[in-house]
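Remarks on the overall topology
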Amino acid sequence: MRLRYLLVKELLQMRRNPAMLRMAVFMPIMQTLLLSFAANMDVTNVPLTIWDADRSPQSRALVQMVGSSNAFVLKGYRMSPEELEHDLDSARASLCLVIPAGFARDVERGEATLQVLVDGTESTTTTVAAAYIAQMAGDFGAQVQRKLVARRGLHLNLGQITPVPRVLYNPDARTLWFMAPAIMALVLTTLMQNITALSIARERELGTLEQLVMTPVRPAEILLGKLVPVGVIGLFDAGLVSVIVVHALHVPFRGSVALLALATIIFLFAVLGLGLLVSTVSHNQQQAQLTNFFLSYPSMLLSGFIFPVWNLPAPLQPVSRLVPMTHFLEITRGVFLRGSDASALAGHLAWMAGLATAFFVVGALRFHKRLD
Amino acid sequence: MSEPAPAIVVRDLVKRFGAFAAVDHVSLSVARGEVFGFLGPNGCGKSTTIRMICGLLGPTSGSIEVAGLDVRTHAEQIRARVGYVAQFFNLYRDLTVYENLTFYGGVYGVPRAELRSRVEHWCERLDLSRYGRVLSGELSTGVQRSLALAAAVLHEPAVLLLDEPTSGVDPIARRAFFDVIGELADGGTSILVTTHVMDEADRCGRLALMDRGKLVAEGTPSEIRAMGGTDIWQVSADPPSRALTLAEQHPGVDAPALFGTRLQFRVSDGTTAVAVAQWLRDQGVTCDEPRPVRATIEHAFLQLLRRDDGDNE
């Protein structure tokens, strides 16, 4: 009964705060769409410059082969090592290919070398691009040898081994597919944790909490009044992000909607619990916001949002388990891409539920204590 | 019928924060229908006492009963029977007057069927009706005070706690506010009000004066006035500031204070007001014959606290 009045009050206040509502609707949409454009670690359009010191038909054939690959964009020809260095310094090129004089002769002898200068500042894409060039150069050399041998009426078997990888769940290894399910975790963490912490810190800052605790309302009712509306917005945002990811970005959804909903609810409990905890260590809204900000980076870095958890140093790996996002990421990626069922994800669900309970209990106890 | 139980009984109340005793062995009782004024300088422990009466703060020792219930064991029931107006405006600034009142009436458990008519009644009585749909953050301080009072009385509390309810309010609105307080008391509500404003103190049935955690005086306004002594003398002096400086130097003159061009002072043994006036004239100050003035609460207040800086409103 009293809770009803607390909820109505929260709704009225939300209606008076259109900035918050806009953020709750547009931030998920914007983040999801932006990510779909930006989160691209596929190696395409790497800018390349070439110094062809050989100027032979062979070297031109190689240049054409490299230039026609969609991994590279040929930005121009250079005449000296200084010019290449300048390209890298000015970021005009991320990769430079040097074809030394005598390349045509050497390639026919089967002992040609090429130099590839790589901009290591963008190591994720450029090292992959350098490996592409190495592969193309190998193919080119083999092609030349095969032609030479064929000209003498022979057949050459170079004894190459060709592995045939079969990529499961994400056959084209698209970064978007990997990142899109994670966006839900990001949106819920950044937005909901902040809204929770701020709405409690605000009542403390403005003194309205002091008036409220003079009424017969119980601390648990105050908390429910605060958290239920935020939880509902969180569920709405989770649905919104899922719909965009599946229908606009065409990321497959292979698992069960019910399982994802269950996991989202548990994750929301953990996020709201953390928000509550943050509000109890903050005297005002600014502190609450900064504390959330401070917490958001470790959870992104430790959770596998960008870097795989198995790449973390051994002592940090257990720490990553204490981050609710770690488990939610496994669950969203599992449900979206692998079509995992509850039994495959039970461990993560249990961890998340445990963390949610811990955050909530500690947060509620601290909230209760700080009312005195 | 037997005498009704007092609405608030505080016995030997102590609250320590570390080594600091914010409230130091305070006892007081507020009768049903009484307006009890709680005076004292800032930081003397009034607000701490009020917070303990609401059960928001546990006492270090001592006991508190409100409406016959022990605060330690029945804090929630007590809060349902107490109304509270804070020193600062603590209602929701982003809600309208009606929304705030509906909310507070609701959480205090006013039946829905009655809530609307009670809100209308109090808006009418406190002159809030025309602000009904205005966001309360946009109201003037005086109207905000009325709104806070309305929110505190919708549930017809047995006890009303007012923590400096009229700070920042003009005298006319303050008078209207106290008229309502008087009516509530006549209706049987017990009211504990802290204040700095002396004409408000005069309108209380009984007063207690608190200083540095201790109760230093208690009684009706006239009893308190009497504690301030009656031998206050007044002369019109020119130049007044020189008269004050001189009076401060004269042996036997106590607590001299200026009110415009009028110099007020007490005299202790060994001198008389006439002698002081003559001395002032001898020093070149124009000054008339001293007249006795009736001691006010403010005089008593300053006397009891041994303060002479007179920085009250």
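Residues numbered from 1 in each chain as written. Chains lettered and ligands numbered in written order. Predicted model: local features only at pLDDT ≥ 70, side-chain atom pairs only at ≥ 80, totals over all residues. Heavy atoms only, no water.

Describing the domain arrangement of chain A
Examined at the domain level, chain A breaks down into domain 1 (17–39 + 174–370) and domain 2 (46–151). Averaged C-alpha coordinates put domain 1 of chain A and domain 2 of chain A at centres separated by 47 Å. (Domains from an automatic or database assignment.)

What about the sheet that holds strand 8 (residues 190–195) of chain B?
Residue and element names in this part refer to chain B. Strand order in the open sheet formed by six strands is 6-7-8-3-9-10, and the pairing between neighbours is mixed. Both outer strands of the open sheet, strand 6 (82–85) and strand 10 (214–219), are each paired with one neighbouring strand and no more. Averaged over all pairs of adjacent strands, the angle between strand axes in this sheet comes to 15°, irrespective of strand direction. Across five bridges, the pairing between strand 3 (residues 35–39) and strand 8 is parallel. Looking across to strand 8, one finds that Leu39 is bridged to Thr195. Along the sheet, helix 5 (residues 141–153) contacts strand 6 and strand 7 (159–163); its crossing angle with strand 6, the most-contacted strand, is approximately 165°. Across the face of the sheet, helix 6 (residues 171–186) comes into contact with strand 3, strand 7 and strand 8 while running at roughly 150° to strand 8. (Pairing = 2+ DSSP bridges. Helix = DSSP H or I, 4+ residues; strand = E, 2+ residues; numbered from the N terminus. Axes fitted to C-alpha atoms, helices over the stretch in contact; angles between N-to-C directions. Contact = heavy atoms within 4.5 Å.)

As for helix 5 of chain B
Residue and element names in this part refer to chain B. In this model helix 5 runs 19 Å from its N-terminal to its C-terminal C-alpha over 13 residues, within 8% of the 18 Å that 1.5 Å per residue would give. By the criterion of burial, helix 5 is predominantly enclosed, with 11 of the 13 residues buried. Turning to helix 5, its buried residues number three or more, namely Val143, Gln144, Arg145, Ser146, Leu147, Ala148, Leu149, Ala150, Ala151, Ala152 and Val153. Turning to helix 5, the residues buried within the fold contact strand 6, helix 3 (97–107), helix 4 (112–125), strand 7 and helix 6. (Expected span 1.5 Å × (residues − 1). Buried < 20%, exposed > 50% of the residue type's maximum accessible area, 1.4 Å probe, protein only.)

Observations regarding the confidence of the model for chain A
Per-residue pLDDT for chain A averages 90, and the proportion of residues at 70 or more is 99%. Summarising per-element confidence for chain A, the mean pLDDT is lowest in helix 2 (residues 18–38) of chain A (87) and highest in helix 10 (residues 257–280) of chain A (95). (pLDDT = per-residue confidence, 0-100.)

Concerning the domain arrangement of chain B
Annotation of chain B at the domain level lists domain 1 (8–226) and domain 2 (231–293). Using only C-alpha atoms to locate each centre, domain 1 of chain B and domain 2 of chain B end up separated by 40 Å.

Focus on the interface of chain B and chain A
Taken residue by residue, the interface counts 26 residues in chain B and 25 residues in chain A. For the pair chain B and chain A, the two sides together bury roughly 2500 Å², of which 58% comes from carbon and sulfur. On inspection of chain B and its partner chain A, the count reaches five salt bridges. Here Arg16 of chain A makes a salt bridge to Glu99 of chain B, at a shortest N to O gap of 2.8 Å. If you look at where chain B meets chain A, you find 13 residue pairs in polar contact (both at pLDDT 80 or more). (Buried area = accessible area lost by both parts, 1.4 Å probe. Salt bridge = Lys/Arg side-chain N within 4 Å of Asp/Glu carboxyl O. Polar contact = N/O pair within 3.5 Å; in protein donor to acceptor, adjacent residues only side chain to side chain.)

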